[in-house]
Amino acid sequence: MSLALRLARQQPAYRDPRARAKDFDEIDSGFTFEQARVEAERCVQCSKPACAIEGCPLGNAIPRWIDHVVQGRLRQAAWVLATTAPMPELCGKLCPHERLCESRCVLGQASKPVAIGALEAFVGRVAEERGWFAPAPSRMPSGLPVRFAGAADRTDQSDPTDRSDRRGHPERIRGASGHVAIIGSGPAGLAAADRLLALGHAVTMFERAPVAGGVPSYGIPSFKYAKSRVERLVERVRRKGAAIFCGIEVGRDVTVRELRKDFDAVLLAIGAPRGRLLDLPGCGLEGIYSATGFLVNGNVPAECIDEADRREIRRGRRCVVIGGGDTSADCVRTAVRLGFEEVRCLYRRSLEEITGRLADRGYAQEEGVVYQFLTSPTRFEGSGRVERVVCERMALGEPDGSGRARPVPIPGSEYVLEADAVVLSLGYDVDRKLLESARCQLGPDGLVVDDNLMTSRRGVFAAGDVVRGADLIVHAARDGRDAAMAIDRFLREG
Amino acid sequence: MSDHADPLPKDTSWRVPLPVTPPQARQEVEVLGLTFRSPVIPAAGPNVRDGAALARVAENGAGGLLAKTVSVRAAPVPRPNMAQFGRAGMLNTELWTELSLDQWLDREYDVGLAAARAAGIPFIASVGYTADELELVAPKVAAKGVDALEFSIHYVGTSFDAVVDTARALRSVVDLPIIAKLSPHFGDLGELAAVLEPHVDAFTCINSFGPTLAIDIERAEPVLGSRYGYGWLSGEPLRPLAVRSVFEVARRVKKPVIGVGGVSRGEDVIEFLMAGASLVGICTQAIYEGPQVYERVAVEAAHWLDRHGRQSFADVQGAYVRRFGQGQRVLTEKEEAPRLDSALCIGCTRCGVVCQYDAMHAEPWKTPTLVEERCFQCGLCVSACPAGALSFSPRAGRTVAEAA
């Protein structure tokens, strides 16, 4: 038997569920160096590595950098990763690997697949800590056009020095081949900025929230991905040369049209921020939250939240989360940490159809969360504040448009769940009103783009969830990277 | 095996993804008056065993083509004749081409040459072995229109005279650049190259090393079908010997050297070039990975140039020979213990484990501590450190003792 099959798949050390449910710290510290070596040794270096060719949306050369880890050459491993992956640490921690790279690992047939995700997170973390991804800052200065002179004061821009030099119209920035405005500082925006700076362009980013980072900053709870890691990633892109201005909302403070005049190209990477709502009796009651509202206010210090979005989360004993995606797993685990003793997740289909990452559901169950499948709410009751959720049982019928079995209510199966708080985690949509005002063509999921990720407006590109509708972080990173390449071609060839 | 049966299709359309940004450094190199698309070409072996294989190599981005060695008759190859050794090594008793000279002249060279012309890359043929055989084979091969001829000294004995005679014989019958492929078991390759230099135009270093032996202990049998089960070692385990041989030759002669032996990464290309090679050949890794290896390795090497601010392969070629070709020494007789850049240390404990002098102590996630009086400056921790945090260079930072 070959070495790969003799070695057991390595597991990072997880904290005890009872202890970790009391705080918002990460639940594991990742691989040690020796664990990473052993796990990398499990890779058989198969001849046609489907993990990389078919499994990874970014096309990371997985067997190549794993081979460097086996030989103990972490720096080379990081360099190989960086040639395709804009944010390996983030993807290593948050991708649904069991559906992507690891699902294509040949070892999965006879044993367990190589823990590609945990290995990527390990190499990514070591490289970010040592600064291996950002060898030299771009020589291209980035900055604000004159019209934003006042805006800079509202931002967390850490290097305000030398302003006179960095302001002014983009065409005056010497040395840069082009100046690109990126709206939104989430994974798509950061990936695009990273690549654009590497290609010699100047980049200025605008973020609506007070802190940069997008979903990883606000949507992803810190027990899953520590805020310090997001800050480190943003800081890397900033040091590479991006000027990042927070607290500027497109549509309110500035329009896409104005930006298009000031910059050589504009990239819309504003995600899909609108949480879907339920139109059921009683859904206006106090104590019913959108997933975003719940996660942001439960996880992020109030001073980092835009005033309009700040809400007090009502504490209590019982919390009901509705929906079965990745976000709902984040919501139930946040609820546990906020002190709710009885946390339930309702999903209207069965375990077979659930979309959320397997690992996260496992962690939630370890932390005491109860999953109730084939269950859907019909109304919410209470006097002013929500007190009860009336549910009914479902049965699975014929497949619907998404290809999954359609849930059908079972008549007379209604029952009541007590609840002090309800979280609606039913998916996300793009902000159609904002996008209509940008006058770019809209499709069913989001903005319509061509093969070069350009919208119907020339010079205005779009990447990530704003095109795809709510989707994986790794897809947003891929889009951002590809959009940067397309923008580079556009700026050079017109 | 019969070559008359239809071959199974070989899908080489897939790739381990290459970096999204193409390298900026110039990849072309000029050797023997020929322009190679990159310094990475095949080395003679089953990876270039016939015209179809040569065509695949050309289509997959090799810098040039080199065909498997032909001789007056097909090789009586024993079976089995190849066995994987370790992770990336190989034992073989492959000899030379198992196809007849007529088949090569009628068909295989034409297919290979057409592919080379279509890709715009040079084509080198390989011929063997004795003076008499070369006089018979070489003119026929040269008439096919190849750009250069390589001959191997593998089966010509171990006397300088015999090798020089074969080179002379070849020179007398063809008017093409001649490359001598040297075998490491010959002994002093530097001296051999110096003696051969007037009679050839370039050198290939090195052929596989042997004989060697591996035994299947479950059956008390050899893994190869040759006499005594002897085989010849190639692949990654051969690389330090190959790099040393290239350096040895490059420091003695002015003519270009093709480095062969254990190349599997871009960094290996740089190492061979620094040791004095102008091109590198790949065989074993191409068997394990497929013909995509040539482009991947070339791109990785060019990215290395980009990262280090070099514009072309000429910028690193021979760098090591120039610095150390006269026997200069830098890293010996150090008075100082290794220095640690604690900003780079990842706390992996490897330095503490490998230290044989009980001088280094390391705890997970912490920077190690060193008792300088016990340190023998053996240097193993420096090369074992995965993060490059330890070094003997005074620029790197404080000593381990100071950092702890």
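In this text the structure is predicted, and so the values were computed from the model without any measurement.

1. Focus: the overall build of chain A
Tallying secondary structure elements over chain A gives 20 helices and 16 strands in all. In terms of overall dimensions, chain A is globule-like: its C-alpha atoms have a radius of gyration of 23 Å, near the 23 Å expected for 494 residues. A principal-axis box enclosing the C-alpha atoms of chain A has dimensions of 70 × 65 × 40 Å. When the 494 residues of chain A are sorted by exposure, 51% land in the buried category. Within chain A, contacts between residues at least 6 apart in sequence are counted, and of these 72% link residues at least 24 apart.

2. Remarks on the overall build of chain B
Regarding its fold elements, chain B presents 13 helices and 21 strands. Rg of the C-alpha trace for chain B: 23 Å, near the compact-globule value of 22 Å for 404 residues, within the 12% margin. Dimensions of chain B, computed from the C-alpha atoms along their principal axes, are close to 70 × 55 × 45 Å. Sorting the 404 residues of chain B into buried and exposed places 50% on the buried side. Sequence separation of 24 or more characterises 69% of the internal contacts of chain B that already satisfy a separation of 6 or more.

3. Topic: the sheet that holds strand β8 (residues 148–152) of chain B
Residue and element names in this part refer to chain B. If you walk across this open sheet you meet the eight strands as β3-β16-β15-β10-β9-β8-β7-β4, and the pairing is parallel. The two strands at the open ends of the sheet, each matched to only one other strand, are β3 (40–42) and β4 (65–66). Note: β4 against strand β7 (residues 123–127), two bridges, orientation parallel. Each residue of the ladder has a partner; that of Leu 65, found in β7, is Phe 123. Where helix α6 (residues 239–252) meets the sheet, its contacts fall on β10 (202–205) and β15 (257–260), and the angle it forms with β15 comes to roughly 170°.

4. Structural notes on the domain arrangement of chain A
Residue and element names in this part refer to chain A. Taken domain by domain, chain A holds domain 1 (3–130), domain 2 (146–273 + 430–493) and domain 3 (275–427). Taking only C-alpha atoms into account, the centre of domain 1 sits 29 Å from that of domain 2. Taken residue by residue, the interface counts 17 residues in domain 1 and 23 residues in domain 2. The biggest single contributor to the side of domain 1 that touches domain 2 is helix α7 (residues 88–94), with five residues. Here the side of domain 1 that touches domain 2 is composed, by residue class, of eleven nonpolar, no polar and six charged.

5. Some points on the environment of Trp65(A)
Residue and element names in this part refer to chain A. Among the structural elements, Trp 65 can be located in helix α5 (residues 62–70). Residue class for Trp 65 comes out buried when judged on the 28 C-beta atoms lying within 10 Å of it. The spacing of Trp 65 and Ala 40 is 25 residues in sequence and 9.3 Å in space, taken between C-alpha atoms. In contact with Trp 65, not counting residues within four places along its chain, are Ala 77, Val 80, Leu 81 and Val 123.

6. Structural notes on the environment of Leu58(A)
Residue and element names in this part refer to chain A. Here Leu 58 lies in the loop between α4 (50–55) and α5. Linking Leu 58 and Pro 86, residues 28 residues apart in sequence, is a C-alpha distance of 9.0 Å. Apart from residues lying up to four places away in sequence, Leu 58 is in contact with Thr 84, Ala 85, Val 474, Ala 477 and Arg 478.

7. As for the interface of chain B and chain A
The partner chain A presents 23 residues to the 18 residues of chain B that form the contact. Looking at side-chain class alone, the side of chain B that touches chain A contains 13 nonpolar, four polar and one charged residues.

8. Considering the pairing of strand β10 (residues 375–381) of chain A
Residue and element names in this part refer to chain A. Where β10 and strand β11 (residues 388–399) come together, six bridges link them in antiparallel fashion. By the bridge assignment, Arg 379 is partnered in β11 with Val 390. What sits between the antiparallel neighbours β10 and β11 is a turn of six residues, in which Gly 382 has the positive phi angle 155°.

9. Examining the sheet that holds strand β8 (residues 342–346) of chain A
All names here are of chain A. Pairing is parallel in the open sheet, where five strands are placed in the order β6-β14-β7-β8-β9. This sheet does not close on itself; its edge strands, each paired only once, are β6 (288–290) and β9 (370–372). Taking each pair of neighbouring strands and ignoring which way they run, the sheet shows an average axis angle of 20°. Summarising the sheet, β6 and strand β14 (residues 421–424) pair through three bridges and their orientation is parallel. When the bridges of β14 are listed, Ile 288 appears paired with Val 422.

10. Describing the nonpolar core
For soluble globular proteins, nonpolar side chains are generally found buried alongside one another. Formed by 170 residues in total, the largest nonpolar core has its most connected members in Leu267(A) and Phe461(A). Counting 106 residues, the second-largest nonpolar core is a separate cluster that includes Leu95(B), Ile206(B), Cys283(B) and Ile287(B).

11. Section: α6(B)
Residue and element names in this part refer to chain B. Along its 14 residues, α6 runs 20 Å from first to last C-alpha, staying within 8% of the 20 Å computed at 1.5 Å per residue. Most of α6 sits out of view: ten of its 14 residues are buried. All of the buried residues along α6 are Arg 239, Ala 242, Val 243, Ser 245, Val 246, Phe 247, Glu 248, Val 249, Ala 250 and Arg 252. On the buried face of α6, the contacting elements are α5 (189–196), β10, β15, α7 (266–274) and α10 (319–324).

12. A word on the environment of Leu224(B)
All names here are of chain B. With respect to the helices, strands and loops of the structure, Leu 224 is situated in the loop between β13 (221–222) and β14 (231–235). Looking at Leu 224, the number of C-beta atoms within 10 Å reads 26, which means it is buried. Taking the C-alpha atoms as reference points, Leu 224 and Pro 240, 16 residues apart in sequence, are found 25 Å from one another. Not counting residues up to four positions away in its chain, the partners in contact with Leu 224 are Pro 80, Asn 81, Ala 83, Leu 91, Thr 93, Gly 229 and Gly 231.

13. Quick word on helix α16 (residues 326–337) of chain A
All names here are of chain A. Along its twelve residues, α16 runs 17 Å from first to last C-alpha, staying within 8% of the 16 Å computed at 1.5 Å per residue. Along α16, twelve of the twelve residues are buried, which leaves the element largely enclosed by surrounding structure. Inspection of α16 places Asp 326, Thr 327, Ser 328, Ala 329, Asp 330, Cys 331, Val 332, Arg 333, Thr 334, Ala 335, Val 336 and Arg 337 among the buried residues, and these make up the whole buried set. Buried residues belonging to α16 abut α15 (291–299), β7 (318–322), β8, α17 (358–366) and β14.

14. So, unusual backbone geometry
All names here are of chain B. Looking along the chain, the bond that leaves Arg 79 and enters Pro 80 is cis, with omega of -10°. Topologically, Pro 80 is positioned in the loop between β4 and β5 (82–85). Put simply, Cys 205 and Ile 206 share a cis peptide bond, and its omega is 5°. Within the fold, Ile 206 resides in the loop between β10 and β11 (209–212).

15. Focus: the packing of α7(B) against helix α9 (residues 293–307) of chain B
All names here are of chain B. The geometry of α7 relative to α9 is characterised by a closest axis approach of 7 Å and an angle of 70° between their N-to-C directions. Viewed along their axes, α7 and α9 adopt a mutual orientation that is roughly perpendicular. Here α7 and α9 pass one another in a crossing that is right-handed. For the pair α7 and α9, contact is made by Gly 266, Glu 267, Val 269 and Ile 270 and by Val 297, Glu 300, Ala 301, His 303 and Trp 304, respectively. For the contact of α7 with α9, the class distribution of residues is five nonpolar, two polar and two charged.

16. Details of the packing of helix α1 (residues 51–59) of chain B against helix α2 (residues 101–119) of chain B
Residue and element names in this part refer to chain B. Contact geometry of α1 with α2 gives a least axis separation of 8 Å together with a crossing angle of 10°. It follows that α1 is roughly parallel to α2 by the angle criterion. Judged by residue contacts, Gly 51, Ala 52, Leu 54, Ala 55, Ala 58 and Glu 59 of α1 engage Arg 107, Glu 108, Asp 110, Val 111, Gly 112, Ala 115, Ala 116 and Ala 119 from α2. Residues of the contact of α1 with α2, tallied by class, amount to eight nonpolar, two polar and four charged.

Rules of the game
Residues numbered from 1 in each chain as written. Chains lettered and ligands numbered in written order. Predicted model: local features only at pLDDT ≥ 70, side-chain atom pairs only at ≥ 80, totals over all residues. Helix = DSSP H or I, 4+ residues; strand = E, 2+ residues; numbered from the N terminus. Rg over C-alpha atoms; globule rule 2.2 N^0.38 Å. Buried ≥ 20, exposed ≤ 12 C-beta atoms within 10 Å, placed from the backbone. Contact = placed C-beta atoms within 7 Å. Pairing = 2+ DSSP bridges. Axes fitted to C-alpha atoms, helices over the stretch in contact; angles between N-to-C directions. Domains from an automatic or database assignment. Nonpolar A, V, L, I, M, F, W, Y, C, P; charged D, E, K, R; others polar. Core = buried A, V, L, I, M, F, W, Y, C linked by C-beta atoms within 7 Å. Expected span 1.5 Å × (residues − 1). Parallel < 35°, antiparallel > 145°, perpendicular 65-115°, else oblique. Left-handed = near helix turned anticlockwise from the far one by under 90°.

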